[in-house]
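Observations on the three-dimensional arrangement
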Amino acid sequence: MYKTRNIPNTRIDVADALRGIAVAGIILYHSVEHFDVFTQEPIVHTLPCDKMVADVLAWLLSGKMYGVFAMLFGLSFFIMNDNQQQKGHNFSGRFAWRMCLLFGFGLINVAIYDGDILMLYACYGLLLIPISYLPSKAVWCIIALLAIQPVELFCLLTGTTIDHTRLWELYGQTIALHETGTFWENVVNNLQCGFELNLRFNVFSGRLTQLLCLFILGMQLGRQRLFYNEGRNLQVWHRLLLGSALVVIVLSIVDFSTIASWLNPIYNLLVLIMIVSSVVSAWYAFDGVRKVLHHLCIFGRMSLTNYLLQSIIGCAIFYGYGLACYRWLGVTYAVMVGAAMVICQYCFARYWFSNHSRGPLEGLWRKLTWLGSDKMT
């Protein structure tokens, strides 16, 4: 059974920077996808570079930013849990309540945007509670099992196929409403179908086990204190960067289309590891990088608020009941809109933090988490 090492957990600025990168990347890629409006109509304003921009951002952002977010979620769980263990408190019940609150935030978000991930994160988060009691060797075994995409590997070896008909039916129904439905028609449909749609998409894309893997990995990296510049940690990140980059290069050259259903999620995981290790390595190695990424720390400290804000703003811009920009803007112009959203939300975060220590939803979440208790972390 794991027990705290009683080492103080100071704030990890590079984790805030990574969280800011993840949320900004989510906003940009949602803009590429017009917040899930995949219209068959011809788009009015396009550019010759649209396909290249879409391909590059898909490789860099699609699935990776949600993965980084998941990993940092696990890291945050470890820090809160370990802090309470050091005080002699059991955090399990309080964290379960915290996940119920997150599910509530997800319900609000999915009413606006069908691509909400918070409800699934709340469910994944509950699984961290029993796993957190296991010794590190057992945890690493679970991480390894989930990392090899066991569901996809089983299907590949046995010839089993998963029927995704229901997924495409839900997508067709939902996308049609994004184009022509009223705001309230979208809200009702999203509340009825949003959770099922996201769960089925996670199964289809291989993220069902991979996101859980990243939750647990984040917790384990917290146990190992790898996000601190201590001991030989920087060398570990350098090796991870080199190793993941080499494998990504090889897999980018090799044709693995016959086993793509299994290997694609693993390839995306390696790209994610490459991104995270490059950011952590550069953060601790170069003062200039820290100064630049410090701005993303501000963005990352308001990650929950920014995530919900991007749903409200993005849907108002791209959906039919709003400005209907899905029919006007090609990929490159849509990315520009996404970048403008990031800048505006960053300016709001700077303004907010000039008078508050936490973001609006972050502060509310914390107060509700510790409702009825005077034990504050």
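As a reminder, the structure under discussion sits directly above these lines.
I will try to describe carefully the structure that is included in this document. If you're wondering where the values come from, they're calculated on a predicted model, not measured in any experiment. (Residues numbered from 1 in each chain as written. Predicted model: local features only at pLDDT ≥ 70, side-chain atom pairs only at ≥ 80, totals over all residues. Heavy atoms only, no water.)

Focus: the pattern of salt bridges
Rule in force here: Every case where a carboxyl oxygen of Asp or Glu lies within 4 Å of a side-chain nitrogen of Lys or Arg is listed as a salt bridge. Numbering goes from the N terminus for both helices and strands, where a helix is a DSSP run of H or I of at least four residues and a strand is a run of E of at least two.
Under the criterion given, the structure shown has 8 salt bridges. Here Arg 11 ties to Asp 16 by a salt bridge, and the two come within 2.8 Å at their closest N and O atoms. The partner of Glu 41 in a salt bridge is Arg 327, with the nearest N and O atoms 3.7 Å apart. One end of the pair, Glu 41, is in the loop between α1 (13–32) and α2 (50–61); the other, Arg 327, is in the loop between α14 (303–318) and α15 (331–353), with 286 residues separating them in the sequence. One connected set of salt bridges, linked through shared partners, spans Arg 11, Asp 16 and Arg 19.

Digging into empty space enclosed by the protein
Put simply, the rule is: With a 1 Å grid spanning the protein atoms alone, the term cavity applies to any set of points in which a 1.4 Å probe fits but cannot get out, the term pocket to an open set with protein on both sides within 12 Å along at least five of seven lines, and the term lining residue to any residue with an atom within 4 Å of a point. Grid points are joined across faces, edges and corners, and a volume is the space filled by probe spheres set on the points. Nonpolar residues are Ala, Val, Leu, Ile, Met, Phe, Trp, Tyr, Cys and Pro. Charged residues are Asp, Glu, Lys and Arg, and all others, Gly as well, are polar.
In the structure shown here, the tally under the stated rule is 3 cavities of 30 Å³ or more. Of the volumes computed, that of the largest cavity is approximately 60 Å³. Taken together, Tyr 2, Thr 4, Arg 5, Asn 6, Ile 7, Asn 9, Phe 78, Asp 82, Gly 222, Arg 223 and Arg 225 make up the lining of the largest cavity. Contributions of two or more residues to the lining of the largest cavity are made by α3 (64–86) and α10 (207–224). Considering only residue class, the lining of the largest cavity consists of 3 nonpolar, 4 polar and 4 charged. Empty space within the second largest cavity amounts to approximately 40 Å³.

Side note on a nonpolar patch on the surface
Formally: Residues enter a patch when their relative accessible area is above 30% and they make no salt bridge; the linking distance is 9 Å between like charges and 5 Å between nonpolar side chains (Val, Leu, Ile, Met, Phe, Trp, Tyr). Per-residue and other accessible areas were derived by the Shrake-Rupley procedure at a 1.4 Å probe size, with only the shown protein chains allowed to occlude residues.
Together, Leu 242, Leu 246, Ile 249, Val 250, Ile 253 and Val 254 make up a nonpolar patch on the protein surface, roughly 600 Å² of accessible area in all. By secondary structure assignment, the location of Val 254 is in the loop between α11 (233–253) and α12 (260–285).

What about the packing of aromatic side chains?
How we decide: Aromatic pairing here means that ring centres of Phe, Tyr or Trp (its six-membered ring) are within 6.5 Å. Orientation follows from the plane angle: under 30 degrees is stacked, over 60 is edge-to-face, and everything else is tilted. Three exposure classes are used, based on accessible area relative to the maximum for each residue type with a 1.4 Å probe and protein chains only: buried under 20%, partly exposed in between, and exposed over 50%.
Taken as a whole, this structure holds 24 aromatic pairs when the rule is applied. Ring plane angle 45° and centroid distance 6.0 Å describe the contact between Phe 348 and Trp 352, whose orientation is recorded as tilted. One end of the pair is Phe 348 and the other is Trp 352, both in helix α15 and 4 residues apart, which spans about a single turn. Of the residues examined, Phe 348 reaches a relative accessible area of 30% and is grouped as partly exposed.

Remarks on the state of the cysteines
Formally, a disulfide is one covalent bond, and it connects the sulfur atom of one cysteine to the sulfur atom of another. Short version of the rule: Criterion for a disulfide: a pair of cysteine sulfur atoms at a distance within 2.5 Å.
Taken as a whole and assessed by the stated rule, the structure comprises 0 disulfides. The cysteine Cys 297 is free of any disulfide, with Cys 347 supplying the nearest cysteine sulfur at 16 Å. With a relative accessible area of 4%, Cys 297 lands in the buried category. The closest cysteine sulfur to the non-disulfide-bonded Cys 325 is located on Cys 315, 12 Å from its own sulfur. Accessibility expressed as a relative area gives 14% for Cys 325, which makes it buried.

A few points about the packing of helix α9 (residues 183–205) against α10
Applied cut-off: Lines are fitted to the C-alpha atoms to define the axes, a helix being fitted only along its stretch in contact, and any angle between axes, read from their N-to-C directions, falls within 0 to 180 degrees. Here roughly perpendicular refers to angles of 65 to 115 degrees, roughly parallel to angles under 35, roughly antiparallel to angles over 145, and oblique to all remaining angles. The contact criterion used is simple: two residues touch if any of their non-hydrogen atoms lie within 4.5 Å.
The contact between α9 and α10 brings their axes to 6 Å, and the two run at 90°. For the element pair α9 / α10, the angle class is roughly perpendicular. Listed contacts from α10 to Leu 199, Phe 201, Asn 202, Val 203 and Ser 205 of α9 are Arg 207, Leu 208 and Leu 211. The residue inventory of the contact of α9 with α10, partitioned by class, reads 5 nonpolar, 2 polar and 1 charged.

Focus: unusual backbone geometry
The phi torsion at Asn 6 lies on the positive side, around 60°, for a residue other than glycine. A positive phi angle, near 55°, is found at Ala 324, a position not held by glycine. Positionally, Ala 324 belongs in the loop between α14 and α15.

Quick word on the layout of surface pockets
By volume, the largest pocket is sized at about 990 Å³. Looking at the largest pocket, it is lined by 33 residues, and the ones nearest its centre are Arg 11, Arg 19, Ser 76, Met 80 and Arg 98. Looking at the lining of the largest pocket, the elements that each hand over two or more residues are α1, α3, α4 (92–112), α5 (118–131), α14 and α16 (360–369). Of the residues assigned to the lining of the largest pocket, the class counts are 16 nonpolar, 8 polar and 9 charged. Glu 33, Ser 62, Gly 63, Phe 201 and Arg 207 are, among the 28 residues lining the second largest pocket, the residues nearest its centre. Of all the secondary-structure elements, those providing two or more residues to the lining of the second largest pocket are α1, α3, α9, α10 and α12. At 6 residues, α9 tops the list of elements feeding residues into the lining of the second largest pocket. Here the lining of the second largest pocket is composed, by residue class, of 13 nonpolar, 10 polar and 5 charged.

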